[in-house]
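Per-entry structural report
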Amino acid sequence: MTDPTHAPVNAAHLAAWLPEQRWFRAKGHAVREVRPVSSVPLGGDGDGPAARLDLLEVRFDDRAPQYYQVVPGLDAVPSYPADVPAAALALLRAIAGGVERGTNRFRPEPGTGLPDRLGPRLTAALSDSGPPAPSLVRVLAAEQSNTSIVFDDEVILKIFRQVEPGLNLDLELHRALTRLGSDHVAPLLGAVEGELQGEPTTLGMLSGYAPHAVDGWAMALASVRDVLADDAPAAVARSGGDFEFEARRIGAAVGEVHADLRTAFGVDVADPADVAADFAAHLDEAVAVVPALRSHAPFLHARYRRLAGLSTPVPIQRVHGDLHLGQLLRTSHTWWLLDFEGEPARPLAQRRAPRSPLYDVAGLLRSLDYATHYPVRDEAPDADAVRRLSQWSALNREALCAGYADSTGVDPGSSQQLLEGYVLDRIVYEVVYEATVRPAWLPIPLATLDRLGAGMPQ
Ligand SMILES: Nc1ncnc2c1ncn2[C@@H]1O[C@H](COP(=O)(O)OP(=O)(O)O)[C@@H](O)[C@H]1O
Ligand SMILES: O=P(O)(O)O[C@H]1O[C@H](CO)[C@@H](O[C@H]2O[C@H](CO)[C@@H](O)[C@H](O)[C@H]2O)[C@H](O)[C@H]1O
């Protein structure tokens, strides 16, 4: 007999619980109704399943429905007992064992050696039906779009939260890059697939985990803070120069990933007039959301018009699409790019569309700019600090482009007008992102537009 505490979660409870979750993307829209799409139980004993993968359709009065994945057992949803280690191991066991249940398929990635490559502690935990050691399982607490579980610092399972029908971009690009042997992504080890609107749909992704890794944003900020604390004339070389080496390695890593993506998905060309028209359309949409952008529109449109007049076609390909320093992880021996889902605010078709690789370079240049302005956001730095910050920024921009040229033979700075166009398009995206998600950060991209509009450097 089914334990009543594992009964289907009450839809009204879920309608109240969902909007409180960090990964819920329809903030500010009242949930009208929650309907189950599929519900797949996993593991457990006589007391009921250890976990359930519930795919839910969430309906609203004022916008299109969205689909979310909720995992009772892992998630503390009302009226379902949560046992995180047991639920997490049930998921890993299903992937390692290639389980098919209901509409869901749990699969080890062919050729990657799962489950044999798992270490002895995880292998024992998967074969043992007794209670797992809680220390083997850790749910990442960071502010994330999805939910990731780390198993014994060895593998990481990302549970996708907002789900769209079809193959998830993160999985698609990790798979292509892993198959090419890329050293710049976490190796893909397995996946969970369900069904949505009749299409096989990605629900989860298992990959290698890099313990003790540091992200590029944290490293860049530490370097900028050192430069701010050191007012000697050679401060940038002395205190902040450590990041220059990393910026060059990051540039080289991104260049290698771009080359691999060309091998996997091919290349095409776009007409500069079409690229400029896309930028102008993004700007018009953004002005409607953030009126503070309106005063910058004439300058931006003028730059886009200049770009439209370029005569050389723009090479385009699959790219990362939302690259910033927080998406880069320095592992013990290399830099990994994370999270290939593209910009969360753009529709899937736009996120999957080929673009110039300069868009990723622009994302990183913007991130270097953020790193120099974020630590002084609440103060007016003196002229000397401003000089040091701008030296830091220029040094690392050059290092990044030099690294990209090291691995590809192409210096992104050599297509200056095009690169500037992509930087501007990215700033417009950032303005909308900050205005809607983190209004306290909005002054950072807006101040850059002020400077660029006045003919000053970023
Ligand atoms: N393979 C990995 N090894 C080590 N840490 C990782 C790995 N993948 C992700 N992380 C950590 O988890 C965080 C969130 O990962 P990300 O893929 O960006 O998830 P989300 O889609 O939820 O934003 C990263 O910023 C990083 O700190
Ligand atoms: O959630 P994602 O990581 O996919 O990306 C979104 O959030 C980012 C912030 O976390 C945002 O990045 C912006 O802020 C960064 C500093 O926090 C900065 O380094 C980036 O250059 C800047 O774009 C990103 O735009 C957004 O898509």
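Residues numbered from 1 in each chain as written. Chains lettered and ligands numbered in written order. Predicted model: local features only at pLDDT ≥ 70, side-chain atom pairs only at ≥ 80, totals over all residues. Heavy atoms only, no water.

Within an unreviewed UniProt entry, the label attached to the protein chain reads Maltokinase, and the organism entered is Micromonospora humidisoli. Under the UniProt heading Pathway (unreviewed entry), the entry covering the protein chain gives this text: "Glycan biosynthesis; glycogen biosynthesis." (UniProt positions renumbered as here; feature names shortened; annotations may be inferred.)

**Points about the nonpolar core**
A general tendency of soluble globular proteins is for nonpolar side chains to be buried together. Counting 70 residues, the largest nonpolar core has Phe243, Ile250, Tyr304, Trp392 and Tyr422 as its most contacted members. Looking at which domains feed residues into this core, each of domain 1 (11-208) and domain 2 (214-455) gives three or more. Excluding anything up to four places from it in sequence, tyrosine 422 contacts Val275, Phe279, Val314, Ser356, Leu358, Tyr359 and Ala362. Counting 41 residues, the second largest nonpolar core, distinct from the first, contains Ala87, Ala125, Leu188 and Leu203. (Core = buried A, V, L, I, M, F, W, Y, C linked by side-chain atoms within 4.5 Å. Buried < 20%, exposed > 50% of the residue type's maximum accessible area, 1.4 Å probe, protein only. Domains from an automatic or database assignment. Contact = heavy atoms within 4.5 Å.)

**Quick look at the site of ligand 2**
Every one of the 15 residues lining ligand 2 counts as a neighbour, but Asp322, Ser367, Tyr429, Glu430 and Arg438 are closest to it. Within the side chain of serine 367, an N or O atom sits 2.6 Å from an oxygen atom of ligand 2. Taking arginine 426, its side chain carries an N or O atom lying 3.3 Å from an oxygen atom of ligand 2. Going through the elements one at a time, α11 (358-373) and α13 (416-437) are the ones with two or more residues in the shell around ligand 2. With 4 residues, the top contributor of residues to the shell around ligand 2 is α13. Classifying every residue of the shell around ligand 2 gives 6 nonpolar, 3 polar and 6 charged. (Near = heavy atom within 4 Å. Polar contact = N/O pair within 3.5 Å; in protein donor to acceptor, adjacent residues only side chain to side chain. Helix = DSSP H or I, 4+ residues; strand = E, 2+ residues; numbered from the N terminus. Nonpolar A, V, L, I, M, F, W, Y, C, P; charged D, E, K, R; others polar.)

**A word on the side chain of arginine 451**
Structurally, arginine 451 is set in helix α14 (residues 443-453). Setting aside chain neighbours within four positions, we find arginine 451 in contact with Asp369, His373, Met456, Pro457 and Gln458.

**A look at the packing of aromatic side chains**
The description of two aromatic rings rests on the distance between their centres and on the angle between their planes. Counted according to the given criterion, the structure contains 13 aromatic pairs. With 5.8 Å between their ring centres and 20° between their planes, phenylalanine 243 and tryptophan 392 make a pair best called stacked. Remark: tryptophan 392 occurs in helix α12 (residues 383-408) and phenylalanine 243 occurs in helix α7 (residues 242-265); sequence separation between them is 149 residues. Centroid distance phenylalanine 279 to tyrosine 304: 5.4 Å. Interplanar angle 55°. Geometry classified as tilted. Note that phenylalanine 279 is positioned in helix α8 (residues 272-289) and tyrosine 304 in helix α9 (residues 297-308), a separation of 25 residues in sequence. (Phe/Tyr/Trp six-rings, centres within 6.5 Å; stacked < 30°, edge-to-face > 60°.)

**Description of the site of ligand 1**
Around ligand 1 sit 15 residues, and of these Gln144, Asn146, Lys158, Gly208 and Ala210 come closest. Asparagine 146 has a polar backbone atom sitting 2.8 Å from an oxygen atom of ligand 1. In the environment of ligand 1, an oxygen atom lies 3.2 Å from a nitrogen or oxygen atom belonging to the side chain of aspartate 339. Protein contact buries 84% of the 550 Å² of open area that ligand 1 shows by itself. For the shell around ligand 1, the two domains that each supply at least three residues are domain 1 (11-208) and domain 2 (214-455). (Areas by Shrake-Rupley, 256 points an atom, 1.4 Å probe, with all protein chains shown as cover.)

**Structural notes on the packing of helix α5 (residues 216-229) against α12**
Packing of α5 against α12 brings their axes to within 9 Å, and their N-to-C directions diverge by 145°. Along this stretch, α5 crosses α12, giving a crossing that reads as right-handed. Mapping the contact onto sequence places Ala220, Ser223, Val224, Val227 and Leu228 in α5 and Ala385, Arg388, Leu389 and Trp392 in α12. Of the residues contributing to the contact of α5 with α12, the split by class is 7 nonpolar, 1 polar and 1 charged. (Axes fitted to C-alpha atoms, helices over the stretch in contact; angles between N-to-C directions. Left-handed = near helix turned anticlockwise from the far one by under 90°.)

**Describing the packing of helix α4 (residues 169-179) against α7**
For the pair α4 and α7, the least separation of the axes is 10 Å and the interaxial angle reads 95°. Relative to α7, the element α4 lies roughly perpendicular. Two secondary-structure elements touch here, α4 through Glu172, Leu173, Ala176 and Leu177 and α7 through Val257, Asp260, Leu261, Ala264 and Phe265. When its residues are assigned to classes, the contact of α4 with α7 shows 7 nonpolar, no polar and 2 charged. (Parallel < 35°, antiparallel > 145°, perpendicular 65-115°, else oblique.)

**Remarks on α5**
Helix length check: α5 (14 residues) gives 20 Å between terminal C-alpha atoms against 20 Å at 1.5 Å per residue, within 8%. Taken together, the buried positions of α5 are occupied by Gly216, Met219, Ala220, Leu221, Ser223, Val224 and Val227. Near the N-terminus of α5, the side chain that reaches the backbone nitrogen of tryptophan 217, with its oxygen 2.9 Å away, is that of aspartate 215. (Expected span 1.5 Å × (residues − 1).)

**So, the domain arrangement of the protein chain**
Accessible area lost when the parts come together is the quantity often used to give the size of an interface. Examined at the domain level, the protein chain breaks down into domain 1 (11-208) and domain 2 (214-455). Between the C-alpha centres of domain 1 and domain 2 the distance comes to 31 Å. Opposite the 23 residues of domain 1 that make contact, domain 2 presents 22 residues. Summing both partners gives a buried area of about 2000 Å² for domain 1 against domain 2, and 57% of it is carried by carbon and sulfur. At the junction of domain 1 and domain 2, the tally comes to 4 salt bridges. Arginine 351 is the salt-bridge partner of glutamate 164, the closest N and O atoms lying 2.9 Å from each other. Between the two partners, domain 1 and domain 2, sit 13 residue pairs in polar contact (both at pLDDT 80 or more). Of the residues forming the side of domain 1 that touches domain 2, the biggest block, 7 residues, is contributed by α4. (Buried area = accessible area lost by both parts, 1.4 Å probe. Salt bridge = Lys/Arg side-chain N within 4 Å of Asp/Glu carboxyl O.)

**Here we look at unusual backbone geometry**
Here the bond from leucine 114 into proline 115 is cis, since omega is 5°, no more than 30 degrees from zero. On the secondary structure map, proline 115 appears in the loop between β5 (104-108) and α3 (120-127). Residue aspartate 153 is not a glycine yet carries a positive backbone phi of 55°. Among the secondary structure elements, aspartate 153 is positioned in the loop between β7 (147-151) and β8 (155-159). Positive phi outside glycine occurs at aspartate 339, with the angle close to 60°. Summarising the element assignment, aspartate 339 is placed in the loop between β15 (335-337) and α10 (348-352).

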